[in-house]
Amino acid sequence: MRSVATPVLPVTRNATATSAATRLSGWGRSPVVEGLERIGEDLERLTRDVSLTRGLGRSYGDSSLPAKGGGTIASTRLADRILAFDPETGVLRAEAGLSLFALNRALLDRGWFTPVSPGTQFVTLGGMVASDVHGKNHHEAGTFGRHVSRLLLRAGSGDIVETGPDVERELFDATVGGMGLTGHILEVEVRLKRVNSPWIWSESETAPDFETLAERLVDAGRSWPYTVAWADLLHPSGRGILVKGRWAEPGEAPTTKFTWPGAVAIPFDMPGWAINPLSMRMFNALYLAKHGRRTRTGIAHPQSFFYPLDAILDWNRAYGSRGFTQYQCVIPKESGVAAAAKFARLVRETGGLPCLVVVKDFGPEGPGVLSFPKPGITFAIDLPVTDVTPGLVARLNDVVAAEGGRVYLTKDAFTSREHFRAMEPRLAAFDDVRRRWDPDRKIRSAQSVRLLGDNE
Ligand SMILES: Cc1cc2nc3c(=O)[nH]c(=O)nc-3n(C[C@H](O)[C@H](O)[C@H](O)COP(=O)(O)OP(=O)(O)OC[C@H]3O[C@@H](n4cnc5c(N)ncnc54)[C@H](O)[C@@H]3O)c2cc1C
């Protein structure tokens with residue numbers, strides 16, 4: 001194993017642990033709660049006597065927020081060292097606060113990439129494990145947890161435990177996708193993926209309606225490692241754009257030196273009215289027109305392919321001060337593309353202004369006890385928060401539960417406990433592991449109070 005210097009995220013480093021009372025929220029900026037956040041470089045010290053650990057707060061809802069009486073939570077964002085890297089096998093061990101942003105800058109142009117990437121680099125390894133994140137390659141690679149070989153964890157009991165697929169497996173499986181509720185992840189060991197160049201070869205095409213889009217998405221997964229679709233659910237047809245990609249071979253890659261682009265920021269909250277049905281319909285129509293009818297092929301930078309939204313820092317401010325939610329669910333494969341298309345129509349009819357809608361194809365379920373993906377079509381739908389949002393989410397959840405689907409906890413802020421229970425037959429198994437490792441339920445979050453019935 002060799003050590004590798006960690007590129008630093010644009011945040012201030014501070015060698016001593018500090019606690020600060022602060023207003024905390026997820027990426028959706030709804031809800032916002034008062035909390036005490038402890039920040040520092042020594043995670044082992046930081047996680048003593050805290051009720052939850054969070055990373056960069058890119059979960060959308062309340063999973064990374066303290067319960068009302070939850071006391072102090074730990075932030076990993078300064079505990080971000082790469083501890084070891086084996087350039088033969090790609091096995092990396094790092095502190096849980098290492099960001100994908102830093103990892104990409106350290107290792108992509110040396111031929112290594114995360115085996116699974118979410119749609120932003122501003123996430124930590126700990127957060128990727130706790131949410132068991134998926135990417136555009138779920139049909140081929142599964143979730144992030146499938147590539148994790150070891151976790152060092154401080155369980156709710158206070159014990160520090162090494163876990164993995166072959167050590168304390170029960171605890172490991174509950175931690176992967178367990179939303180931080182089984183313990184504080186201190187270190188992560190993961191096998192990275194070898195890539196032949198840092199560039200992506202991509203192909204995209206438009207589809208006239210949702211059925212065609214979803215069928216082509218599933219079909220593309222048979223030959224392309226990365227697939228994703230954007231759907232215009234404000235249009236009656238549910239038309240959209242399908243994007244496919246693979247790593248470029250060295251001969252296809254540009255000869256210019258590979259660099260990462262910068263980003264711009266939105267310096268203030270946009271007024272709530274800026275996002276309205278008319279402006280969104282116009283945006284969608286322009287987006288499709290810009291693509292044109294022909295198939296587009298070519299080399300793409302990994303930033304624009306994997307992380308298009310990272311080009312604008314704080315883009316969540318575009319939704320105004322009430323914030324937004326991302327409703328993400330999966331409609332199981334057994335229900336068929338027709339059920340996914342029916343769901344797409346329901347989203348349009350509920351009138352909740354589905355702004356950005358991303359659709360992916362899920363492959364087999366992994367071992368994570370509460371992990372989100374299961375075979376089927378997943379919808380991720382950005383909705384501005386208004387007075388009607390809870391009712392709207394409930395209507396969508398009625399259908400998802402009836403189809404045997406489920407919602408993604410890392411995005412959720414509005415699901416009721418009853419709907420969650422109806423969707424989650426695995427809850428008893430998860431509770432068993434928590435009871436064993438955290439008998440006093442020291443670890444809890446605003447989300448676990450809402451959905452799992454933990455004490456405030
Ligand atoms: C633009 C954007 C695109 C996204 N695209 C995708 C996508 O394609 N696929 C996908 O799966 N997700 C996606 N996400 C969601 C994101 O990947 C997850 O929410 C991820 O968990 C965020 O990581 P974080 O470090 O910010 O964690 P946080 O948001 O800080 O925390 C998320 C959860 O992890 C727990 N946690 C964090 N660190 C630790 C730790 N060290 N120990 C124990 N628990 C911990 C928290 O308690 C919380 O429950 C996206 C988010 C954004 C903003």
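What you see is a predicted model, and the numbers here were worked out from it, not measured in a lab. The numbers attached to residues start from 1 for each chain and follow its sequence in the written order. Local features in this predicted model are restricted to residues whose pLDDT is 70 or higher, and side-chain atom pairs enter the listing and the counts only when it is 80 or higher, whereas totals over whole chains, interfaces and linings include all residues.

### A few points about the environment of Leu-313
Phase 1: Considering the arrangement of structural elements, one finds Leu-313 in strand β17 (residues 312-313).
Phase 2: As a C-alpha pair, Leu-313 and Ala-263 span 50 residues in sequence and 6.4 Å in three-dimensional space.
Phase 3: Apart from the residues lying within four places of it in its own chain, the contact partners of Leu-313 are Ala-263 and Ala-265. Starting at the N terminus, helices and strands are each numbered in turn, a helix being any DSSP run of H or I of at least four residues and a strand any DSSP run of E of at least two. Remark: residues whose backbone-derived C-beta atoms lie within 7 Å of one another are considered to be in contact.

### Section: the sheet that holds strand β9 (residues 160-163)
Phase 1: Here, strands pair whenever DSSP counts at least two bridges between them. Strand order in this open sheet of 5 strands is β5-β6-β10-β8-β9, and the pairing throughout is antiparallel. The sheet terminates laterally at β5 (82-85) and β9, the two strands that pair on one side only. Adjacent strand axes in the sheet meet at a mean angle of 15° when their direction is disregarded.
Phase 2: Sheet topology note: the strand β8 (residues 148-155)/β9 ladder contains 4 bridges and is antiparallel. If you follow Arg-154 over to β9, its bridge partner there is Ile-160. A fitted line through C-alpha atoms represents every axis, and for helices the fit uses only the stretch in contact; the resulting angles, taken between N-to-C directions, go from 0 to 180 degrees.

### Topic: unusual backbone geometry
Phase 1: Residue Ser-30 is joined to Pro-31 through a cis peptide bond whose omega torsion reads 5°.
Phase 2: With respect to the secondary-structure elements, Pro-31 resides in the loop between β1 (18-25) and β2 (32-39).
Phase 3: Of note in the backbone geometry, Asp-49 takes a positive phi value of approximately 60° without being a glycine.
Phase 4: You can see Asp-49 is positioned in the loop between α1 (43-46) and β3 (52-54).
Phase 5: Residue burial here comes from a neighbour count, namely the number of other C-beta atoms, placed from the backbone, that lie within 10 Å of the residue's own C-beta, with 20 or more meaning buried, 12 or fewer meaning exposed, and in between meaning partly exposed. Residue classification places Asp-49 among the exposed residues on the basis of 11 C-beta atoms within 10 Å.
Phase 6: Phi at Asp-314 is positive, roughly 60°, even though this residue is not glycine.
Phase 7: With respect to the helices and strands, the residue Asp-314 is situated in the loop between β17 and β18 (324-332).

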